[in-house]
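# Structure assessment
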Amino acid sequence: IVKECGGPDVMFTEFVSTDGLCSVGKNRLLYDLKFMKNEKPIVAQVFGSNPNNFTKTAVLINKLGFDGIDINMGCPFKTIEKQGAGAALIKTPVLAQQIIAATKKGAGKMPVSVKTRIGYSRDSSKTWIPELLKMDLAAITIHGRTQKEKSKFPAHWDVIREISKMIKSLKSNTILIGNGDVKDLEDGLQKAKEFNVDGVMVGRAAMYDPWCFSGINKTEIASEMRLKMLIKHAFLFEKTFKEIKRFDSMKKYYSSYVTNFTDSKKLRIELMKAQNATDLKMIIDAF
C-alpha cells in the first residue's frame with residue numbers, strides 16, 4: 001500500500017528473530033519475510049545474538065531474493081535485550097563484530113548493514129560507531145537516541161552530524177542513514193541536507209500515512225480516494241494475514257485514511273464494528 005501511494009527508495013521488513021528462523025518453528029516466522037515484486041528493492045531486518053544463526057539466516061534471506069540484510073542493534077525492548085540482542089549489543093562490541101562477520105559469511109554478495117543507536121545509557125558514538133565501521137558495512141542506520149531514551153526524547157540529529165564527519169574522516173565507504181522524528185518527505189530531505197547524511201529512514205510516520213513518501217499531504221487527497229485505498233488495504237490485509245493476524249489489527253490504520261472530512265470521526269466509530277473487510281466495505285459504501 002505504501003509503495004502504491006508513493007513509496008521510498010528502499011523498503012525494510014519488520015525485524016525477525018534469527019534464532020526463530022533457525023528453529024523447527026521457522027515456518028511461523030516466514031510470513032514476515034514475504035514480499036511482492038513491487039516492494040523491491042527490499043532489505044530483511046533480523047535480530048539475535050548467536051553468530052552461527054546469523055550465517056544460516058543470511059543464506060536463507062539470500063535464497064528468498066532479498067536485496068540486503070540488516071542487523072538490528074538498536075531495539076530497546078527488554079524481551080529483545082534479554083536475548084543479548086538489539087541495543088544490548090552496544091555493550092558487547094566484540095560480539096557485534098562477530099555477528100557482522102558471520103552474517104557476511106552467509107550473505108555472499110548481498111549487502112550487510114546495521115541499524116543501531118548513538119549509545120546505551122549515554123552517547124558513546126565516538127567509540128561504538130568506529131567498532132562497526134571496522135567491519136566494512138554497506139550501510140549504518142543511526143537512530144539518534146540512546147537505549148535509555150527509547151523514543152521519549154527528541155532525536156539527537158547533532159550527534160548524527162558528528163558521526164557523518166567521523167565516517168568521512170576515516171575515509172569509510174559505509175553509507176550513513178539518519179533516523180528519528182522524521183515527519184514526512186520534506187522533513188526527511190531537509191534533515192539529510194542539514195545533517196549531511198546519505199539517506200533518511202522513516203518509521204512511525206510511514207506506518208500511519210501511506211502517502212508519506214509522495215510529498216502530498218494526505219488531507220489534500222480526496223476523501224473518496226482515501227476510503228477506496230482503505231478498502232483495498234483491508235482486503236489485502238485479509239488475504240495476506242488470514243489465520244495469522246486478527247482483523248482487529250487493521251483498526252489502528254483507520255485514522256490514516258478517515259480524517260479531516262465531514263463526519264470522519266463518526267465513520268471511524270462505525271468502522272470499529274467491522275469484523276472483516278466485507279463489513280468494512282459495506283460501512284464505507286453506506287457512508
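This text goes with the structure placed above it.
The structure contained in this document is the topic of the report that follows.

Thresholds applied
- Residues numbered from 1 in each chain as written.
- Predicted model: local features only at pLDDT ≥ 70, side-chain atom pairs only at ≥ 80, totals over all residues.
- Heavy atoms only, no water.
- Axes fitted to C-alpha atoms, helices over the stretch in contact; angles between N-to-C directions.
- Helix = DSSP H or I, 4+ residues; strand = E, 2+ residues; numbered from the N terminus.
- Parallel < 35°, antiparallel > 145°, perpendicular 65-115°, else oblique.
- Left-handed = near helix turned anticlockwise from the far one by under 90°.
- Contact = heavy atoms within 4.5 Å.
- Buried < 20%, exposed > 50% of the residue type's maximum accessible area, 1.4 Å probe, protein only.
- Pairing = 2+ DSSP bridges.
- Right-handed = clockwise from strand over helix to strand, strands pointing away.
- Nonpolar A, V, L, I, M, F, W, Y, C, P; charged D, E, K, R; others polar.
- Polar contact = N/O pair within 3.5 Å; in protein donor to acceptor, adjacent residues only side chain to side chain.
- Core = buried A, V, L, I, M, F, W, Y, C linked by side-chain atoms within 4.5 Å.

Moving on, we get to the packing of helix α4 (residues 93-107) against helix α5 (residues 125-133). The relative placement of two packed helices comes down to the angle between their axes together with the axis-to-axis distance. α5 packs onto α4 with a crossing angle of 25° between their chain directions and a minimal axis gap of 9 Å. Our classification of the angle between α4 and α5 gives roughly parallel. Helix-helix and strand crossings are classified by hand; for α4 and α5 the assignment is right-handed. Across from Pro93, Ala96, Gln97 and Ile100 in α4, the residues of α5 making contact are Trp128, Glu131 and Leu132.

As a further point, take the pairing of strand β7 (residues 175-179). Taken across its 5 residues, β7 has 4 buried, putting it largely inside the fold. In the sheet, strand β6 (residues 139-146) pairs with β7 via 5 bridges, with the strands oriented parallel. Bridge assignment links Thr141 to a residue of β7, and that residue is Ile177. Read as a crossover between parallel neighbours, the route from β6 over helix α6 (residues 157-169) to β7 is right-handed. Sheet topology places β7 next to strand β8 (residues 199-201); 3 bridges connect them, and they run parallel. Directly across from Ile177, in β8, lies its bridge partner Gly199.

So, on to unusual backbone geometry. For the peptide bond that leads from Lys40 to Pro41, omega is 0°, which places it in the cis range. Residue position: Pro41 is located in the loop between α1 (18-21) and β3 (42-47). The phi dihedral of Lys171 falls on the positive side, at around 55°, and the residue is not glycine. Positionally, Lys171 belongs in the loop between α6 and β7.

With their axes 11 Å apart at the nearest point, α5 and α6 run at an angle of 45° to one another. As the angle between them shows, α5 and α6 are arranged oblique. For α5 against α6, the interelement crossing comes out right-handed. Packed against α5, whose contacting residues are Ser125, Lys126, Ile129, Pro130 and Leu133, the element α6 presents Val159, Ile163, Met166 and Ile167 at the interface. Split into classes, the residues belonging to the contact of α5 with α6 amount to 7 nonpolar, 1 polar and 1 charged.

Now for the side chain of Ser49. By the secondary structure assignment, Ser49 is in the loop between β3 and α2 (51-63). Within the structure, the side chain of Ser49 is placed 2.6 Å from the backbone oxygen of Gln83, a separation counted as a polar contact. In contact with Ser49, other than residues within four places in its own chain, are Phe54, Gln83, Gly84, Ala85, Leu95 and Ile99.

Another aspect to go through is the pairing of strand β4 (residues 68-73). The buried count for β4 comes to 6 of 6 residues, which makes it a mostly enclosed element. After leaving β3, the chain enters α2 and then returns to the sheet as β4, a path that is right-handed. Summarising the sheet, β4 and strand β5 (residues 112-119) pair through 5 bridges and their orientation is parallel. Its bridge partner being in β5, Asp70 is matched across the sheet by Ser113.

General note: in soluble globular proteins, nonpolar side chains tend to be found buried as a group. Counting residues in hydrophobic clusters, the biggest one holds 51 residues, and the most contacted among them are Met73, Ile129 and Leu132. When residues of this core are assigned to their parent elements, the largest contribution, 6 residues, is made by α6. Leaving out residues up to four positions away in the same chain, Ile129 has contacts with Thr116, Ile140, Ile142, Ile163 and Met166. Residues Trp211, Ile221, Tyr257 and Leu280 belong to the second largest nonpolar core, which totals 24 residues.

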